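This is what each chain is made of:
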Amino acid sequence: MKKIIAGLLLLQPFCFTLLYGQTWDIDLTKPQPAYTDQTGYGYDRNTQAVTKDQKQPMFFSVKVPEGDYKVTVTLGSKEYAGCTALRSETRRMVVGGLKTKKGELMDVVFNVNVHTTYIDGKKNVTLQKREEIDWGWDDRLTLEFNGEAPAVSRIRIEPNQPKAKIWLCGNSTVVDQDNEPYTSWGQMLPYWFDERVSVENMAMSGLRTSTFISQNRLAKIVQEAKPGDYVLIEFGHNDEKDREPGSGAWYNFTYNLKRFIDELRPKGVHILLATPTERRNFVNGKIEATHGDYPEAIRMIAKREGLPLIDLTESTTALYNAMGDSLSKRLFVHYPAQTYVGQEKALKDDTHTNAFGAYEICKLVVMGLKANNIGLVKYLRPCWQDFEPRLYDDWQSFYWPVTPIHLLEKPAGD
């Protein structure tokens, strides 16, 4: 993942075009503009260059067509020692906290998926209100440089043709959450794979299987997925609240999941089903199930259709029980008042995870891929180590400097 290089790469001057196939080179040791649609590149979100005297978080964006991009970022500075956390698009984890000595430069290479609402010229993905201003659906590739002393010297962006693509379908437990402190396992998944894997996250907070379909998110996957792609589906949290005629785990829910399967199979994709992550619901010192028959319905469909199953209900339950009632709060959005600017009330959410919780649950997802012998695992980064719920990580050792955008807007659903 990391390669120390002797000096600055001798790259071509910065160039920009809307034609897919172009390479972009940005030398951040030289002055760069603020982002506008007219310039098509620059410092974004009202941030500016990081210097040895001003080591604040910053965003840099480049206007690009929809697609996958191989991004090479040279971290480090000739001016100062750095400690950099790097994320792409909507807070997708790339580097946790890379330390560089003064004058030391390191290359980090990864894939970034940029998607828009376009499907076929006749229909588009229907966005929810909060998504309309979300940088995960815009026409630019955005990188976030954060940490105690962000240090970056150069960005190279070039079109990529990944060996594999993972499409994610789900709700608030899967989506690329836009605001701190909410974070989902879907935005941690790219961290574990190298640049040969693309993760395209179509999930959104509050969605049921029915609304995922009605908002044309399934239609976009069916339109664009290629043979050999992977489609990972996790629903349940919101479907289980339906009270309409025909609702329930064994009726509309299973019908909708069967529709996913029937529409995707002709595309030649690999379909993976996941049971919903359990809520943190301790009763007498142990997790009590909250999803009713929904996990069993998914298990039944996976068995009947001959599909791989990742049992997140089971593995997250094991993780929470291993940590216990008190410590497991560190996985979720539990924060006293005034933890964040403008946070007047304590946050107590036992459904939605923070960054550490998303990181731990994402490890359970990867272990589910490994347990099913999914071919994707050959693209895991060398830093991957197998994970067991009883051997959970130390939350105090997890480095996640908060993205300087925290509207404290709770995701839809619970």
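Look above for the structure.
Presented here is a report on the structure given in the accompanying data block. (Residues numbered from 1 in each chain as written. Predicted model: local features only at pLDDT ≥ 70, side-chain atom pairs only at ≥ 80, totals over all residues. Heavy atoms only, no water.)

Below, the discussion takes up the sheet that holds strand β11 (residues 164-169). In space, the five strands of this open sheet follow the order β12-β11-β13-β14-β17, with parallel pairing throughout. In this open sheet, the two strands that pair with only one neighbour each are β12 (197-201) and β17 (309-310). As defined by bridge partners, strand β14 (residues 270-274) adjoins β17 across two bridges and the pair is classed as parallel. By the bridge assignment, L273 is partnered in β17 with L309. Against the sheet, helix α2 (residues 217-224) touches β11, β12 and β13 (230-234), its axis set at about 165° to β11. (Pairing = 2+ DSSP bridges. Helix = DSSP H or I, 4+ residues; strand = E, 2+ residues; numbered from the N terminus. Contact = heavy atoms within 4.5 Å. Axes fitted to C-alpha atoms, helices over the stretch in contact; angles between N-to-C directions.)

Right, let's get into empty space enclosed by the protein. Applying the stated criterion across every chain yields a total of four cavities of 30 Å³ or more. Estimated volume of the largest cavity: approximately 130 Å³. If you go around the largest cavity, you meet 17 residues; those closest to its centre are F110, N111, V112, P190 and Y191. Listing elements by their share of the lining of the largest cavity, those giving two or more residues are β7 (92-100), β8 (105-114) and β12. Taken together, the residues of the lining of the largest cavity break down into ten nonpolar, four polar and three charged. Within this model, the second largest cavity holds a volume of roughly 70 Å³. Contributing to the lining of the second largest cavity are T90, R92, H115, E131, D134, G136, W137, V175, D176, N201 and A203. (1 Å grid on protein atoms, 1.4 Å probe; cavity = no way out; pocket = protein on both sides within 12 Å on 5 of 7 lines; lining within 4 Å. Points joined across faces, edges and corners; volume = space filled by probe spheres on them. Nonpolar A, V, L, I, M, F, W, Y, C, P; charged D, E, K, R; others polar.)

Bringing unusual backbone geometry into the picture now. Backbone torsion omega between E180 and P181 reads 0°, so that peptide bond is classified as cis. Here R45, not a glycine, exhibits a phi torsion of approximately 55°, which is positive. Note on placement: R45 falls in the loop between β3 (41-44) and β4 (58-63). The residue R91 is not glycine, and still its phi comes out positive at about 60°.

Quick look at helix α3 (residues 252-264) now. With 13 residues, α3 extends 18 Å from end C-alpha to end C-alpha; this agrees with the ideal 18 Å at 1.5 Å per step. Turning to α3, its buried residues are F253, T254, N256, L257, F260, I261 and L264. One side of α3 carries all its buried residues, which in axial view fall inside an arc of 165°. Buried residues in α3 make contact with β11, α1 (209-214), α2, β13, β14 and α4 (294-305). (Expected span 1.5 Å × (residues − 1). Buried < 20%, exposed > 50% of the residue type's maximum accessible area, 1.4 Å probe, protein only. Arc of directions from axis to C-beta.)

Let's shift gears to the side chain of R154. The topology assignment puts R154 in strand β10 (residues 152-159). Accessibility expressed as a relative area gives 8% for R154, which makes it buried. Among the polar contacts made by the side chain of R154, one reaches the side chain of D27 at a distance of 3.2 Å. (Polar contact = N/O pair within 3.5 Å; in protein donor to acceptor, adjacent residues only side chain to side chain.)

One open sheet accounts for five strands, arranged β3-β4-β9-β6-β7; its pairing is antiparallel. Strands at the two margins of the open sheet, each flanked by one partner only, are β3 and β7. Going across the sheet, the axis of each strand differs from the next one's by a mean of 20°, ignoring polarity. Examined bridge by bridge, strand β6 (residues 82-88) and strand β9 (residues 140-149) share five bridges and lie antiparallel to one another. Bridge pairing links C83 to A149 in β9.

Our next topic: the pattern of salt bridges. A side chain of one charge can pair with a side chain of the opposite charge if their charged atoms are brought near each other. All chains considered together, the criterion is met by 31 salt bridges. The salt bridge involving R156 is made with E158; its shortest N-O contact spans 3.4 Å. The exposure class of R156 is partly exposed, given its relative accessible area of 23%. (Salt bridge = Lys/Arg side-chain N within 4 Å of Asp/Glu carboxyl O.)

The next subject is α4. Between its first and last C-alpha atoms α4 spans 16 Å; for twelve residues at 1.5 Å apiece the expected length is 16 Å, and the two agree. Every buried residue of α4 is listed here: Y294, P295, A297, I298, I301, A302 and E305. Take α4 and look down its axis: the buried residues cluster within an arc of 160°, on one side only. Contacts made by the buried residues of α4 are with α3, β14, β17 and α5 (312-327). Positioned one or two residues after α4, G306 has a phi angle of 70°, which is positive.

Positionally, E104 belongs in the loop between β7 and β8. For the buried E104, no salt bridge exists, and the shortest N-O distance to an oppositely charged side chain is 5.9 Å, to K101. Polar side-chain contacts of E104 include one of 2.8 Å to the backbone nitrogen of K101. (Lys, Arg positive; Asp, Glu negative; His and termini not counted.)

This next bit is on the environment of S247. Here S247 lies in the loop between β13 and α3. For the pair S247 and A151, spaced 96 residues apart in sequence, the C-alpha separation works out to 52 Å. Sequence-distant contacts of S247, that is, excluding residues within four places in its chain, are made with D242 and N252. A distance of 2.7 Å separates a polar atom in the side chain of S247 from the backbone oxygen of E244.

Pairs of aromatic rings are described using the distance from one ring centre to the other and the angle between the two planes. In total, this model carries 16 aromatic pairs according to the counting rule given. A centroid spacing of 6.4 Å and a plane angle of 55° characterise the contact between Y191 and Y359, whose relative ring orientation is tilted. Here the residue Y191 occupies a position in the loop between β11 and β12, and Y359 occupies one in helix α6 (residues 355-371), the gap between them amounting to 168 residues. An identical accessibility class is assigned to Y191 and Y359; each is buried. Put simply, the rings of Y191, W192, F356, Y359, W384, F398 and W400 touch in pairs and so form one group of aromatic residues. One Lys or Arg, K55, reaches over the ring of Y80 and ends 4.9 Å from the middle of that ring. For R87, the ring lying beneath its charged end belongs to W400, and the centroid distance is 3.6 Å. (Phe/Tyr/Trp six-rings, centres within 6.5 Å; stacked < 30°, edge-to-face > 60°. Lys NZ or Arg CZ within 6 Å of the ring centre and 35° of its normal.)

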